[in-house]
Amino acid sequence: MSNRSADKIVFTSYDDLFGENQKAEAGESVVSLPLSRLHSFKNHPFHVIDDEKMQETVKSVRQYGVLVPAIVREDEVRGDYEIIAGHRRKRACELAGHTEMPVIVRKVTDDESVIIMVDSNIQREDILPSEKAWAYRMKMEALSHQGVRGEEYTADLVGEAAGDCARTVQRYIRLTYLKPELLDYADQGKIILAVAEKLSFLNEEEQSWVLQTISENVTIPSKSQAEELKEESRKGKLTEKRVVDILNREVKKVSITISSKKIKDYFPQDYTKKQIEEVIFELLDSWKEKMNQAG
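These figures come from a predicted structure and were not determined experimentally.

Criteria and thresholds
Residues numbered from 1 in each chain as written. Predicted model: local features only at pLDDT ≥ 70, side-chain atom pairs only at ≥ 80, totals over all residues. Heavy atoms only, no water. 1 Å grid on protein atoms, 1.4 Å probe; cavity = no way out; pocket = protein on both sides within 12 Å on 5 of 7 lines; lining within 4 Å. Points joined across faces, edges and corners; volume = space filled by probe spheres on them. Helix = DSSP H or I, 4+ residues; strand = E, 2+ residues; numbered from the N terminus. Nonpolar A, V, L, I, M, F, W, Y, C, P; charged D, E, K, R; others polar. Axes fitted to C-alpha atoms, helices over the stretch in contact; angles between N-to-C directions. Parallel < 35°, antiparallel > 145°, perpendicular 65-115°, else oblique. Contact = heavy atoms within 4.5 Å. Buried < 20%, exposed > 50% of the residue type's maximum accessible area, 1.4 Å probe, protein only. Salt bridge = Lys/Arg side-chain N within 4 Å of Asp/Glu carboxyl O. Pairing = 2+ DSSP bridges. Core = buried A, V, L, I, M, F, W, Y, C linked by side-chain atoms within 4.5 Å. Expected span 1.5 Å × (residues − 1). Arc of directions from axis to C-beta. Phe/Tyr/Trp six-rings, centres within 6.5 Å; stacked < 30°, edge-to-face > 60°.

A.B. asks: Explain the layout of surface pockets here, please?
C.D. replies: Empty pockets left among the atoms are what a rolling probe the size of a water molecule brings to light. Roughly 630 Å³ of internal volume is contained in the second largest pocket. Along the walls of the second largest pocket sit 24 residues, with K132, A162, D164, T272 and Q275 positioned nearest its centre. Of all the secondary structure elements, the ones that give two or more residues to the lining of the second largest pocket are α6 (129-145), α8 (166-174) and α15 (273-294). A breakdown of the residues in the lining of the second largest pocket according to their chemical character gives 10 nonpolar, five polar and nine charged.

A.B. asks: For this particular structure, what's the right way to read the packing of α6 against helix α9 (residues 180-187)?
C.D. replies: Helices that pack against each other are described as a pair by the angle of their axes relative to one another and the distance between those axes. At a closest axis distance of 8 Å, the pairing of α6 and α9 adopts a crossing angle of 120°. Taken together, the axes of α6 and α9 are oblique relative to one another. On α9, the residues that touch P129, S130 and W134 of α6 are L183, A186 and D187.

A.B. asks: It is not clear to me how the environment of T109 should be interpreted in this structure. Could you clarify?
C.D. replies: As for its position among the elements, T109 is in the loop between β5 (100-105) and α5 (110-121). Judged by its relative accessible area of 43%, T109 falls in the partly exposed class. With 36 residues separating them in the primary sequence, T109 and R73 have C-alpha atoms 9.2 Å apart.

A.B. asks: When you look at the environment of V58 in this model, what are you seeing that I'm missing?
C.D. replies: Position of V58 relative to the elements: it lies in helix α3 (residues 52-64). For V58, a relative accessible area of 1% translates into the label buried. Those residues in contact with V58, other than ones at most four positions away along the chain, are A92, L95 and A96.

A.B. asks: Help me out: how do you make sense of the pattern of salt bridges in this one?
C.D. replies: For side chains bearing opposite charge, pairing can occur when the charged atoms are close. Within the structure shown, the criterion is met by 25 salt bridges. Its salt-bridge partner being R91, residue D50 comes within 2.7 Å of it at the nearest N-O pair. Highlighted residues: D50 in the loop between β2 (38-39) and α3 and R91 in helix α4 (residues 87-96), separated in sequence by 41 residues. Note on D50: relative accessible area 42%, which makes it partly exposed. Residue class for R91 comes out partly exposed when judged on its relative accessible area of 26%. Of the charged contacts, one joins D80 and R78 as a salt bridge, the two residues approaching to 3.7 Å between their closest N and O atoms.

A.B. asks: In this structure, what is going on with the sheet that holds β2? I would like to understand it.
C.D. replies: Picture the strands of a sheet paired through backbone hydrogen bonds; they go either parallel or antiparallel. Sheet architecture is open: five strands sit in the order β1-β5-β3-β4-β2, paired in mixed fashion. Only two strands of the sheet have a single partner each, and these edge strands are β1 (30-34) and β2. Bridging between strand β3 (residues 70-75) and strand β4 (residues 80-85) involves five bridges; their strand directions are antiparallel. The residue of β4 that forms the bridge with E74 is Y81. Here α4 sits on the sheet and contacts β2, β3, β4 and β5; the angle it forms with β4, its principal contact strand, is near 115°.

A.B. asks: Looking at this structure, how should I read the nonpolar core?
C.D. replies: Most often, soluble globular proteins have nonpolar side chains that are buried together. L175, L182, L199, V210 and L229 are the most contacted members of the largest nonpolar core, which has 47 residues in total. Here this core takes seven residues from α6, the largest share from any one element. With 17 residues, the next largest nonpolar core counts M54, A70, V72 and Y81 among its residues.

A.B. asks: Where do I start with unusual backbone geometry in this structure?
C.D. replies: Among all residues save glycine, negative phi is the norm, and among peptide bonds the norm is trans. Even without being a glycine, N43 presents a positive backbone phi close to 60°. Summarising the element assignment, N43 is placed in the loop between β2 and α3. On the basis of relative accessibility, which here comes to 59%, the residue N43 falls in the exposed class.

A.B. asks: Whenever I open this one, helix α12 (residues 223-234) confuses me. Can you help?
C.D. replies: In an α-helix, one turn spans 3.6 residues; hence positions three or four apart end up facing the same way. With 12 residues, α12 extends 17 Å between its outermost C-alpha atoms, agreeing within 8% with the 16 Å of an ideal straight helix rising 1.5 Å per residue. Buried residues of α12: Q225, A226, L229, E232 and S233, and no others. Taken down its axis, α12 places every buried residue within 125° of arc, on the same side. Of the surrounding secondary structure, the elements contacted by the buried residues of α12 are α10 (193-199), α11 (204-217) and α13 (240-248).

A.B. asks: What is the right way to read α13 from this model?
C.D. replies: Taken residue by residue, α13 has V243, I246 and L247 as its buried positions. Mapping the buried residues of α13 onto a view down its axis gives an arc of 90°, with all of them on the same face. Lining the buried residues of α13 we find α11 and α12.

A.B. asks: What is the right way to look at the packing of aromatic side chains in this model?
C.D. replies: Think of a pair of aromatic rings as described by two things: how far the centres are apart, and how the planes are tilted against each other in angle. Under the counting rule described, the total for this entry stands at two aromatic pairs. Judged by centre distance (6.1 Å) and plane angle (75°), the rings of Y136 and Y172 are edge-to-face. Of this pair, Y136 sits in helix α6 while Y172 sits in helix α8, and the two are 36 residues apart along the sequence. One exposure class covers both Y136 and Y172, and it is buried.

This is the structure we're talking about:
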C-alpha cells in the first residue's frame, strides 16, 4: 500500500534538481508524497520555527517549488514515511498551501538515519546549543552502535560535519545532562557554554537548587562559581545553603577590555562571536590546568 503512493509521481531527472555532482544512490528516484503521510523523525532535536527565515522558505516554495527533495524512509509499522532530512521543507510546504512534497525514499537503518539527520542540519548558522547537544549525543550513540571504538575518535567523527573537535563535541554532549530550564538559559545566551558544561556535572537535586537561587536572586553563575559548584558536588559537600552562598557571594570584578578587531586577527573571518568565545575559554581552561599543575 505504501509503495503505490510513492510511485505516484516520478520526476524526469534527479540531475535537473541537483546537478551532476549530487546524485541519488543506485536504485533511488525522486517521488512526490502527500504531506499527510510524512511524520517527524523520532526525538528530532532540531526546532522547526515559523520565523523570518521560514517565511523566506515559504516564499521560495510558492515561487519555485521544493528544489531539494527531502530524504525519508518507510515506516512499516505506521504505514507511512519518517522524515530523515526535510522537516523545515515540509513545514514550508504546509504554509505555502501545498499538499505534497518531493522526496527520496531511502532504505537505511536507525543508526544510518540518525547520522544523515544530524549531518543534514548541524551546519545551520542559527543552531541552538540544545539542538547541537542532543544531535551530537544521538550521532555519538549511533556511531557507537556501528562499532566505532574510542571515545575521542568517535567524538572527532561526530563533529566532523560541523568542523568541531572532539573536545567541543564532548562539551556539547554534557549539556544533555542539564535540567531543561538550565538548558533553556544556555539557548537564550544567559549562560555561556563553559558554565553550562560545569553545571551539567551537578545531580538533578543540586541543579534544582541552582535554578531556585537564580530565580530568587536574579543571578547567573559565573565561570568560577560554576567551577566551585562542580568541585563541591564532586566532593559530596554541596548543599542547598552552599549553593546560595556561592552564587550570592560578591566577587571583586576585574574589568579587562580587548578590542574585537585585535581578537578577530586570530580567527577565520567566518567565525561567529559564539565560536570565538568557545575557543578563548577552551584555551583559558588549558592554561589554568597548566598553572595548577605547575603550582
